[in-house]
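Architecture at a glance
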Amino acid sequence: MTTHVNRRPLRRFLSTFTAAGAVAATTIALNVNPVGAAFIGDPYETRFEIDGNTRVDNVIAGQDWESDPASATNLNGAPFRTDEVCSAQTVPDPENPGETISVDSTILTPGSKIDQIQVDNPPVQSGSILTKGDICSVWQSWEIVETGGEYEFIFYGAWTRPNVNGEINILYPLLGEDTTTNADDLLISYDFEDNTNQTTVTVLNWDGNSWEPTPPPGEAFEAITTRGGASQTQDSLDPFTFGEFAINLTAAGILPQDGPCTTFKAGDPMSRTGNSQNATLKDIVGVPPLTLTNCSEITVIKETAPAVPSGSPSFDALITQLDEQDVTFGNTQVPVELVVPDAPSVTVGDVLISPDYFVEETALSEGWSQVSLVCTSWDPIAGEEVTVTLFGGDPNDLSFPVAPGHTAECIIKNIGPPTVSVEKVTIGGVGGPFDFTVVQAEAEFPILSATTTEAGVPAAAGSHIVDPGSVTVTETGVPSGFFADDLVCTVTNSDGVAQAPIIGADVNGAPTGVTADIAAGESLDCLQTNLAAGAVDVTKTVTGTSDDWEFEFTISPVPAGETATKTATAPQPTVSWGNLRPGVTYTVTEAPVDGYISGNVVCDGGSSFTAQAGVTSTCAVTNVELADVEVTKSVQGAAEWSFDFTISPVPAGESATKAATNTDPTVNWTGLAPGTAYTITESTKAGYLPGTLECGGTDGVGTSTFTPNPGESVDCAITNIGTGSANVTKTVPGETNWSFDFTITPVPVGEAGTKTATSGAPTVGWNNLTPGVDYTISEVVDSDLVVGTMTCTNGASGLGSSTFQVSPGGTTSCSITNTRITDIQVTKIAGGPEVLPGGSVDWTIVVKNNGPSTALDVALVDKLPATLVLTGVTAPPAWNCSGTTTGVGGTVNCTTPDLVPGESATFTVRSVVVDGLANVTIQNVAVVSTSTTETTTDNNSDQDSVFVPPIAILPPTGGIFGMQVGMATFLLLGGIGALTLGQRRRRATHP
């Protein structure tokens, strides 16, 4: 439900219910005028005045409904007031601006009647309601009052409605614990009759079919109703009708003093507009529930010195009331038994509330005395916690109160004789028996013994009551498989304060006793810890190919009864040591073995380990078998050979470089670390091709890198092939001082592609030829020579070149002959057809090379006949004519080293006809020669002639006839000469 709360500060007041005459009826009719509230019987104080208003009364200083309940120390149930919307509190109408409505968010379903509902779960809804049945506010609270030495439970209620005429009946539910029935519920019916101004209060009880009034004592009620109006102008409730009541639930028998224990919860007040079974219910206001009960509980606690005494003594106590009223329903005394240390406290429930409870201890074990008995509880009258000392304190403390909702607690302290107790704890294992002796004044108590069944859980060896003074506790023996740790004993005084521990430190695992002084009420509590021996397993793992190995392991320090060194083998790879003392650090070492990489012994995360009680430590070591590699060398094309191989990195103890020879073609290295990349390199050697070194499937040219596995034998192999050679011999018949170039393709490594053969060194060659490769040697063509045929062993012959292959280590020989062939010619022409006796005649000589080769050592010889006198010769600059002889029958002798094809050389030979020679034809022959073979020598000579006419007698000069004869002679001779020259030219052209 929706509750609209409008609280105002409450003021403090005090009111007294005064005794009044008894009312012997179920209902009480009260005057509507404000009066002081009164209950029939002994006077007792209440915190509210039942006077028909909520304001402070000016005559009687009291507490009223609008006062602050927090200052009323024994009032319970705040907040006391609950408001909701009623017809006197309108709200804006959301559908009609400017108008107001009064709609209650929670009303009882129309038509509901009291006999037809479950009071702790009534049917509700929202809606409008008749003004006279509309509840605006309700109050409720409770308090405990004391009268006649006992507590009585007062329940208060109040309500308001709009100040209108009409009867109203307000029902306050008291709900039992069973929510499924009305059988354990009550209704307080507050009935106001408007026409008579009378108020009637009735308690209704469910009989299974209907709510019927029960006849409570009349003095248990007080009620009053006040109408608002001008006469109440000082009252803040002027617009309302106000009603209030008080009910003594104890006097009414609802929460009886002598029980049984009963508990109610105050439910939500309801209204109806008539006090009859047929009247329908109207309004309901939800309130915080209040718990109303006449019972509580008492806890009795035993505290002893020592706190854990020997023998678990039992103590008896008794709970009573000073006035001998019931403690629990039907029992005036409740006995309590406390056992220390097993059951040192007992809680007694369903204790009836009362102000005069008393606890006493009725029996003590031998040697024990009482120190104090202190009870702490709640005083419901003062509204505070109280502490009383029933023994060992203020003699005026006779009893303590027990109030609802608060557990009273009593602590009984006792002091006992000094005791000695011993407990055994084993760490890492269980076992026994472990024996102890307790010695005092040279007297030894019976041996105490303990056997543990759960590691780390103390096992009692026993205890002794001893006399005050010095006492010694000692563990007399430690079973096999255990080491004694420290014996720790603590003296606890009678106040429960423990002194500093006394430690009997173990000496190399042997027990040491503890001596202490103890007095009455003190205890000497000893705890002896024994540690189960530890152990260690060392497991050997070998990575590699070997299945037959053994390794020695040594432990330090050596456990008692064990050997220092043990051997792990392939069939039994684990060695163990037992009887390790906890807390001692042990180191396991491995002896190195050739052919293996020594591993690191790792024990529980380190190279050493500290033994733990009852724990088998584990050590592990892995050794890796070293690898090896072997390189086998093969050579093709050589009978004797030696090759160097180098490994990197160099295995420990090995040399980096080793040589393989034709007599021992294998080299090897041992001690290779698995997982390391190794590279084997073959040194290069002239005359051999680099081989492919293959190691473990990894290929490389000249080198191989491989990573061996543990224990692996890596095989490497390499074949080297001897390189071949080739040479070519050049022959040029008939020539000296020549030079010719030869080329090879492809060019062998380290060689020149072109080499020159000369007349002085006619053979050239190449090395480092790869077998199986086609090589071609070619002659660089010289136009002066005729291309020859080159022949090579293992090859094909060809003009100027040959292609061939060499065999491993083999030599291919080639040869070629080149010849020089040329054609030189000479042409000789006389200076004229005739020459007078004694006259000069010049001869023109032309020497030409018609090819195809250069003519070498060319010589021109012109032997003049005796009819001519050689006077000189003119030659080209390249010609040497130093061999020429002049004079009668002289000889022209000129030479040149070479004459290239197409080249010509022109000479002029000057001569004079010998005197006296006439009528003679003079023949002159020129001859040319060369050391080079010629294709023809028919044109190696040429001749020409000149005619010397007879001598004529000429007439004297100056005569006509003479001139004519001379002219004729000249013309005749000129014509003959011209004819002769023309014929010579034609011959020269067509020899």
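Bear in mind that the values here come from a model prediction, so they are computed numbers and not experimental data. (Residues numbered from 1 in each chain as written. Predicted model: local features only at pLDDT ≥ 70, side-chain atom pairs only at ≥ 80, totals over all residues. Heavy atoms only, no water.)

Brief notes about the overall build of the protein chain
Regarding its fold elements, the protein chain presents 1 helix and 79 strands. The burial tally for the protein chain puts 45% of its 991 residues in the buried class. Working note: accessible area of the protein chain is about 43700 Å², and carbon and sulfur atoms make up 52% of it. (Helix = DSSP H or I, 4+ residues; strand = E, 2+ residues; numbered from the N terminus. Buried < 20%, exposed > 50% of the residue type's maximum accessible area, 1.4 Å probe, protein only. Areas by Shrake-Rupley, 256 points an atom, 1.4 Å probe, with all protein chains shown as cover.)

Comments concerning the environment of Glu694
Tracing the backbone through its elements, the reader meets Glu694 in strand β55 (residues 692-695). Sequence separation between Glu694 and Ser704 is 10 residues; the distance between their C-alpha atoms is 6.4 Å.

Digging into the layout of surface pockets
For the second largest pocket, the calculated volume is near 300 Å³. As for the second largest pocket, its lining consists of 17 residues, and the residues nearest its centre are Val308, Ser421, Val422, Glu423 and Asp525. At the level of elements, β30 (419-427), β34 (459-465), β36 (482-492) and β39 (523-532) are the ones that each hand at least two residues to the lining of the second largest pocket. (1 Å grid on protein atoms, 1.4 Å probe; cavity = no way out; pocket = protein on both sides within 12 Å on 5 of 7 lines; lining within 4 Å. Points joined across faces, edges and corners; volume = space filled by probe spheres on them.)

Things to note about the state of the cysteines
In protein chemistry, a disulfide is the covalent bond that joins the sulfur atoms of two cysteines. All chains considered together, the criterion is met by 8 disulfides. Here Cys695 is linked by a disulfide to Cys716, with a sulfur-sulfur distance of 1.9 Å. With the S-S bond torsion at 130°, the cross-link from Cys695 to Cys716 turns out right-handed. One end of the pair, Cys695, is in strand β55; the other, Cys716, is in strand β58 (residues 713-722), with 21 residues separating them in the sequence. Here Cys716 falls in the buried class, since its relative accessible area comes to 3%. Paired by a disulfide, Cys792 and Cys814 hold their sulfur atoms 1.8 Å apart. Taking the sign of the torsion about the S-S bond as the criterion, the disulfide between Cys792 and Cys814, at about 115°, is right-handed. Here Cys814 lies in strand β68 (residues 811-817) and Cys792 lies in strand β64 (residues 789-792), a separation of 22 residues in the sequence. Judged by relative accessible area, Cys792 falls into the buried class, the value being 7%. Of the residues examined, Cys814 reaches a relative accessible area of 3% and is grouped as buried. (Disulfide = S-S within 2.5 Å.)

A short note on the sheet that holds strand β47 (residues 608-610)
Reading across the sheet, the 4 strands line up as β42-β41-β44-β47 and stay open at both edges, with antiparallel pairing between neighbours. Both edges of this open sheet fall to β42 (565-569) and β47, since each of them pairs with a single strand only. Geometrically, the sheet is characterised by an average inter-axis angle of 25° between neighbouring strands, direction not taken into account. In this structure, strand β44 (residues 585-590) lies alongside β47, joined through 3 bridges in antiparallel fashion. (Pairing = 2+ DSSP bridges. Axes fitted to C-alpha atoms, helices over the stretch in contact; angles between N-to-C directions.)

Some points on the sheet that holds strand β63 (residues 775-779)
Pairing within the open sheet is antiparallel, and its 5 strands lie in the order β61-β60-β63-β67-β65. Looking at the sheet topology across the chains shown, the edges are occupied by β61 (754-758) and β65 (795-796). Pairing between strand β60 (residues 739-745) and β63: 4 bridges, direction antiparallel. Its bridge partner being in β63, Thr745 is matched across the sheet by Thr776.

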